[in-house]
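Listed below, chain by chain, are the residues.
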Amino acid sequence: MLAMTDAARQSITGTRSRESVQVDAYLGDDLVRAGLRVESWSLTWDASRAVQCSGTVKVIDEDGTLQPWVLGDVLGPGARLRLTWIAEDGSRIPRAVLVVTKPEPEQFWQLTRAGGVERWLPTGGVVTCSVEDTSILLQRDKLQAKTPGDERSDVVKETRRLLAGTVPLVDDSKNLTLPKVAAGTIYEKERLDAIDDLLSHGGLARRTDGEGTMHLIDPKKGADVPVWKIQGGDFMAALVSLSRSMDLGTVYNSVVATSQGGKGEYVGRAYLDRGVSKWGGPLGNATEFYSSPLIDSTAAAERAAATRLASQTGPKTTRLKVQCLPHPGLELYDWVTVAVPTRSGKAVDVTGQVMSMTLGGDAMGGVTASTLEVDVDANEMRSVILGDKQS
């Protein structure tokens, strides 16, 4: 979770009439325009995407000076927007550093007539900016040649080397032992894919903070200390609505793992042989294809396929869709507690991990309600709904 003052945390379920965001424009690290007037903004963070945060920021341009024409303009492609959340107590929370990927300017005009002369007068305009977090810089900065891995390094050191200073890195995993880079590893063009392969190999995940720094975390840690309780009711209430979903598209019963960029091509296969979703079972067959530069032998490919299948078919989760008051400090992979109403009339606490979230707002209403997608244990959730688990 991002750093917040105690007063800012307490105000989440209180009066929030003074909350707002400030958006400043940068070219690289140089401030070029502070305090842009924002008509509306909407950002979505999704742990399943390579570039986790994307959205739009609509900037008011009254006099036409913000209309982008060439690269290097205030809101031209590649410009960076720093979005800072101003909490109810006046404290400032850096929320995102965003790269403008596609600006769409729109200017408004009015035709006037005076003394038989027609004249067009500007009446304002807006620039709608499609934005993504700083991981887009890594996705665009492809490796120009096949690059060998450093077999002496662990996955964190190797990640730092592949970042090449493009974005800062902080290791928050607190893991004392980390896997080494596999012998014979060769990275192809995709720098960001190579980083994600390394992190997966090390059991780590990444997220980008509000200053544009990449943080490496162990996603399994933190379930015992949730950062927020989301509940309904009249006291300390943040929950607006709650729903859940399941998706056949996430169900796999086989994995084919192959090498990527190594000296030879190695293939490993694994199949699920038990349960309702087994290979050849009533749900049909579904194969996931997985490749990694860390696979350096047939045995490694077989292990990778088995490990990947185990992760896909291990303890099942149910995804809760939670509409709630916005929490300016919440991040992907944070653990939260959701008070789930049940048929008994009582709410039961269920702990889950944030895998997707949206934040947004506009000039008229300030910040708007947030939508979270939270993965919870499917068996626990079933017990809650059926009344087996009591508060």
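Residues numbered from 1 in each chain as written. Predicted model: local features only at pLDDT ≥ 70, side-chain atom pairs only at ≥ 80, totals over all residues. Heavy atoms only, no water.

Some remarks on the overall build of the protein chain
Okay, step 1: The helix and strand tally for the protein chain stands at 6 helices and 22 strands.
Okay, step 2: Considered along the principal axes of its C-alpha atoms, the protein chain spans approximately 85 × 60 × 40 Å.
Okay, step 3: Residues classed as buried in the protein chain amount to 45% of the 391 residues present.
Okay, step 4: Approximately 19,900 Å² of the protein chain is accessible, and the part contributed by carbon and sulfur atoms is 50%.
Okay, step 5: Averaging the positions of the 44 positive and the 50 negative side-chain charges in the protein chain gives two centres separated by 3 Å. (Helix = DSSP H or I, 4+ residues; strand = E, 2+ residues; numbered from the N terminus. Buried < 20%, exposed > 50% of the residue type's maximum accessible area, 1.4 Å probe, protein only. Areas by Shrake-Rupley, 256 points an atom, 1.4 Å probe, with all protein chains shown as cover. Lys, Arg positive; Asp, Glu negative; His and termini not counted. Charge placed at Lys NZ, Arg CZ, Asp CG, Glu CD.)

Things to note about the packing of helix 3 (residues 155-163) against helix 4 (residues 191-201)
Okay, step 1: Following both chains from N to C, one finds helix 3 and helix 4 inclined at 170°, their axes separated by 9 Å at the closest point. The orientation of helix 3 with respect to helix 4, classified from their angle, is roughly antiparallel. Two secondary-structure elements touch here, helix 3 through Val155, Glu158, Thr159, Leu162 and Leu163 and helix 4 through Arg191, Ala194, Ile195, Leu198, Leu199 and His201.
Okay, step 2: For the contact of helix 3 with helix 4, the per-class residue count stands at 7 nonpolar, 2 polar and 2 charged. (Axes fitted to C-alpha atoms, helices over the stretch in contact; angles between N-to-C directions. Parallel < 35°, antiparallel > 145°, perpendicular 65-115°, else oblique. Contact = heavy atoms within 4.5 Å. Nonpolar A, V, L, I, M, F, W, Y, C, P; charged D, E, K, R; others polar.)

Concerning the side chain of Ser277
Okay, step 1: Mapped onto the fold, Ser277 is located in the loop between strand 16 (267-271) and strand 17 (287-292).
Okay, step 2: When its relative accessible area of 14% is taken as the criterion, Ser277 is described as buried.
Okay, step 3: For Ser277, the residues in contact, after removing those within four places along its chain, are Val251, Asn253, Leu272 and Leu283.

Focus on the sheet that holds strand 9 (residues 169-171)
Okay, step 1: The sheet built from 3 strands is open, its strands ordered 9-12-11 with mixed pairing. At either margin of the open sheet sits one strand with a lone partner, and together these are strand 9 and strand 11 (205-208). Strand-to-strand twist of the sheet, defined as the mean angle between neighbouring strand axes without regard to direction, takes the value 25°.
Okay, step 2: Pairing analysis gives 4 bridges linking strand 11 to strand 12 (residues 214-217), with the strands arranged antiparallel. The residue of strand 12 that forms the bridge with Arg206 is Leu216.
Okay, step 3: Helix-sheet contacts for helix 3 involve strand 9 and strand 12, and the interaxial angle to strand 9 is about 175°. (Pairing = 2+ DSSP bridges.)

A short note on the sheet that holds strand 17
Okay, step 1: Taken together, 3 strands build an open sheet; the order of strands is 16-15-17 and the sheet is mixed. What marks the edges here is a single partner per strand, and that holds for strand 16 and strand 17. Direction aside, neighbouring strands of the sheet carry axes that sit 15° apart on average.
Okay, step 2: Examined bridge by bridge, strand 15 (residues 254-259) and strand 17 share 6 bridges and lie parallel to one another. What sits directly across from Val255, in strand 17, is Glu288.
Okay, step 3: Packed on one face of the sheet, helix 5 (residues 298-313) meets strand 15, strand 16 and strand 17 and runs near 35° to strand 16.

Points about helix 5
Okay, step 1: The end-to-end C-alpha distance of helix 5, which contains 16 residues, comes to 22 Å, matching closely the 22 Å that a straight helix rising 1.5 Å per residue would cover.
Okay, step 2: Taken together, the buried positions of helix 5 are Ala300, Ala301, Ala304, Ala305 and Leu309. Taken end-on, helix 5 shows its buried residues confined to a sector of 165°, consistent with a single buried face. Exposed and oriented more than 90 degrees from the buried face of helix 5 are Arg303 and Thr307.
Okay, step 3: Here the buried face of helix 5 lies against strand 15, strand 16 and strand 17. (Expected span 1.5 Å × (residues − 1). Arc of directions from axis to C-beta.)

Some words on the pairing of strand 11
On a regular strand, one side chain projects to one face of the sheet and the next to the other, so that they alternate.
Okay, step 1: The alternating pattern of strand 11 places Ala205 and Arg207 and Arg206 and Thr208 on opposite faces, both of which are buried.
Okay, step 2: Taken together, strand 11 and the strand that follows it, strand 12, pair antiparallel across an intervening segment of 5 residues, in which Gly212 is found at a positive phi of about 90°.

Some points on the environment of Gly72
Okay, step 1: Structurally, Gly72 can be placed in the loop between strand 4 (53-60) and strand 5 (80-86).
Okay, step 2: On the basis of relative accessible area, Gly72 is assigned to the partly exposed category, the value being 45%.

Overview of the packing of aromatic side chains
Okay, step 1: Under the definition given, this model contains 2 aromatic pairs.
Okay, step 2: Taking 6.2 Å as the distance between ring centres and 90° as the angle between the ring planes, the aromatic pair formed by Trp41 and Trp85 counts as edge-to-face. Residue Trp41 is located in strand 3 (residues 38-46), and its partner Trp85 is located in strand 5; the two are separated by 44 residues in the primary sequence.
Okay, step 3: What makes Trp41 buried here is its relative accessible area of 6%.
Okay, step 4: With 5.0 Å between their ring centres and 65° between their planes, Tyr271 and Trp279 make a pair best called edge-to-face.
Okay, step 5: Its relative accessible area of 36% is what places Trp279 among the partly exposed residues.
Okay, step 6: Between the NZ or CZ atom of Arg82 and the centre of the ring of Tyr26, over which it lies, the distance is 5.0 Å.
Okay, step 7: Its guanidinium or amino end placed over the ring of Trp45, Arg95 lies 4.6 Å from that ring's centre, counting from NZ or CZ. (Phe/Tyr/Trp six-rings, centres within 6.5 Å; stacked < 30°, edge-to-face > 60°. Lys NZ or Arg CZ within 6 Å of the ring centre and 35° of its normal.)

It is worth stressing that arrangement in space is one thing and function is another; only the former is reported here.
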